[in-house]
Amino acid sequence: GENVEQHPSTLSVQEGDSAVIKCTYSDSASNYFPWYKQELGKRPQLIIDIRSNVGEKKDQRIAVTLNKTAKHFSLHITETQPEDSAVYFCAASIESWGKLQFGSGTQVVVTP
Amino acid sequence: GAVVSQHPSWVICKSGTSVKIECRSLDFQATTMFWYRQFPKQSLMLMATSNEGSKATYEQGVEKDKFLINHASLTLSTLTVTSAHPEDSSFYICSAPRTSGYEQYFGPGTRLTVT
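All values reported here derive from a predicted model rather than from experimental measurement.

**Student:** Provide a residue-level description of the nonpolar core, including the pertinent values.
**Tutor:** Counting 27 residues, the largest nonpolar core has Phe67(B) and Leu112(B) as the members making the most contacts within it. Elements supplying a minimum of two residues to this core: strand S2 (10-13), strand S3 (19-25), strand S4 (32-38), strand S5 (44-51), strand S7 (67-73), strand S8 (76-81), strand S9 (90-97) and strand S11 (110-114) of chain B. Aside from chain neighbours lying at most four places away, what touches Phe67(B) is Arg37(B), Met47(B), Tyr58(B), Val62(B), Leu79(B), Thr80(B), Val81(B), Asp88(B) and Tyr92(B). Counting 23 residues, the second-largest nonpolar core is a separate cluster that includes Val4(A), Ile48(A), Phe73(A) and Leu75(A).

Okay, structure coming up:
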């Protein structure tokens, strides 16, 4: 089955700096790669996603890149703000309505 | 946007008892729902896929006789933790995809504590 690895496990950045989280996946059949932000005790919130026919997607301060050949994808957050502090999970699935295999998560701390 | 609810939001039960958790899609029909478990400071682990009108599909290592799943209607799936033990204490989250859309919608989660 699919295996998703995520790095780093923790990331501390100064407010205004950029944050990058990287994930790799094993199943070449995966075609959908969402990123979730989860605050303590809350449900995961979809922040951005990308499909395999696209190499890059951007939404304001958040961007995701995908390299299908290398089977890795990354989340980029620019101009970080304290409210960006949370746990971020990458995930992979064969289709967007299918079961998700999550990465291990990255605790992001943005210090003012 | 689509809404998925869970009930209860938290529950405390004694070891050996059973607990039922409900997952409802409030404004759309969901032929499939997913159940995840999340231990503290860990990731979400898929437990099973709930299919309306048929048996659930369990992930490897998940005991089907311990975690009973029933998807009796297009808007409701239930997860029953039978003979609960302290090691079953966790955050249980369901998700449901729109059949015609591209996004999955997560429930708010249920915090189970077994004493």
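There is more to say after this.
**Student:** So what about the packing of aromatic side chains? Which residues, and what values?
**Tutor:** Per the stated rule, a full pass over the model turns up 11 aromatic pairs over all chains. Ring geometry for Trp35(A) against Phe73(A): centres 5.6 Å apart, planes inclined by 65°, an arrangement best described as edge-to-face. Here Phe73(A) lies in strand S8 (residues 72-77) and Trp35(A) lies in strand S4 (residues 32-38), a separation of 38 residues in the sequence. Summarising the aromatic geometry, the rings of Tyr36(A) and Phe106(B) are spaced 5.3 Å apart at their centres and angled 85° between planes, so their arrangement reads as edge-to-face. Here the residue Tyr36(A) occupies a position in strand S4, and Phe106(B) occupies one in strand S10 (residues 104-106), the pair thus bridging two chains.

**Student:** I'd like to hear about the sheet that holds strand S7 (residues 62-67) of chain A, residue by residue, with values.
**Tutor:** All names here are of chain A. Read across the open sheet, the five strands follow the order S1-S3-S8-S7-S6; overall the sheet is antiparallel. Only two strands of the sheet have a single neighbouring strand rather than two, namely strand S1 (4-7) and strand S6 (56-59). Within the sheet, the average angular offset between the axes of one strand and its neighbour, ignoring direction, is 15°. In the sheet, S6 pairs with S7 via four bridges, with the strands oriented antiparallel. What sits directly across from aspartate 59, in S7, is isoleucine 62.

**Student:** Explain the pairing of strand S11 (residues 106-111) of chain A to me, and be specific about the residues and the numbers.
**Tutor:** Residues and elements named next belong to chain A. The side-chain alternation of S11 yields one buried face, formed by Thr106, Val108 and Val110, and one unburied face, formed by Gln107, Val109 and Thr111. Where strand S2 (residues 10-14) lies against S11, five bridges are found, and the strand directions are parallel. Bridge pairing links serine 12 to valine 109 in S11. Bridge count between strand S9 (residues 86-92) and S11: three bridges; the pairing is antiparallel.

Scoring rules and cut-offs
Residues numbered from 1 in each chain as written. Chains lettered and ligands numbered in written order. Predicted model: local features only at pLDDT ≥ 70, side-chain atom pairs only at ≥ 80, totals over all residues. Heavy atoms only, no water. Core = buried A, V, L, I, M, F, W, Y, C linked by side-chain atoms within 4.5 Å. Buried < 20%, exposed > 50% of the residue type's maximum accessible area, 1.4 Å probe, protein only. Helix = DSSP H or I, 4+ residues; strand = E, 2+ residues; numbered from the N terminus. Contact = heavy atoms within 4.5 Å. Phe/Tyr/Trp six-rings, centres within 6.5 Å; stacked < 30°, edge-to-face > 60°. Pairing = 2+ DSSP bridges. Axes fitted to C-alpha atoms, helices over the stretch in contact; angles between N-to-C directions.

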